[in-house]
Amino acid sequence: MLVKRQGLIVWFHQMKHVKHIKKYGHMVHVSKKLKYAMIYVDQNKLDDTYQSLLKLSFVTKVEPSYKPFIKTDFENKAFDKEEKEYDYKMGI
């Protein structure tokens, strides 16, 4: 069974705290320059993980990813060759 997961962006003060953040989920990316980490957690444990990360002293802020809620089914409009070929807007 596939578990629905959601990303959390965790902003922190120093890079030495990355080891502690790994315990809360699957770490995907860490930026040394901007000092943030991207972790994935199960959606049913998201609120608990969010609150526990905010309680840590070295975490400045935590942002959830909205990717699971974005519609990814796109409609494809079929073009006719003639319509596409002669669809010019002439500024007359």
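In what follows, the accompanying structure is described. Note that the structure is predicted; figures quoted are calculated from it, not measured.

Residue placement: Asp-42 occurs in strand β3 (residues 36-42). Asp-42 gets classed as buried once you look at its relative accessible area, which sits at 19%. Engagement of the side chain of Asp-42 in a polar contact is seen with the side chain of Arg-5, the distance being 2.8 Å.

The buried fraction of β3 amounts to 5 of the 7 residues, a majority that puts the element mostly inside the structure. Two elements, strand β1 (residues 5-12) and β3, share 7 bridges in a ladder whose sense is antiparallel. Across the sheet, residue Gly-7 finds its bridge partner in β3, namely Tyr-40. Turn length for the strand β2 (residues 26-31)-β3 hairpin, with the two strands adjacent in sequence and antiparallel, is 4 residues, and the turn residue Lys-35 shows positive phi of about 60°.

On inspection of all chains with the given rule, the structure shows 2 salt bridges. With a shortest N-O distance of 2.8 Å, Asp-42 and Arg-5 are connected by a salt bridge. Linking Asp-42 in strand β3 with Arg-5 in strand β1, this pair joins segments that are 37 residues apart in sequence. Among the residues examined, Arg-5 registers a relative accessible area of 37% and is labelled partly exposed. We note a salt bridge from Glu-63 to Lys-61, for which the minimum N-O separation is 3.2 Å.

Criteria and cut-off values
Here the residue numbers are simple positions, counted from 1 along each chain's written sequence. Reporting in this predicted model follows two pLDDT cut-offs: at least 70 for local features of residues, and 80 or more for side-chain atom pairs to be given and counted; totals over whole chains, interfaces and linings ignore these cut-offs and use all residues. Excluding hydrogens and water, the side-chain figures rest on all heavy atoms present in the structure. Runs of H or I in DSSP of at least four residues are treated as helices and runs of E of at least two as strands, each being numbered from the N terminus. Classification of residues uses two cut-offs on accessible area relative to the type maximum, computed with a 1.4 Å probe and protein chains only: under 20% is buried, over 50% is exposed, and between them is partly exposed. Here a polar contact is taken to be a pair of N or O atoms separated by no more than 3.5 Å, where protein atoms must pair a possible hydrogen donor with a possible acceptor and residues adjacent in sequence count only if both atoms sit in side chains. A strand pair is defined by DSSP finding two or more bridges across the two strands. Any carboxyl oxygen of Asp or Glu that lies within 4 Å of a side-chain nitrogen of Lys or Arg is treated as forming a salt bridge with it.

Treat this as a map of the structure, not an account of what it does.
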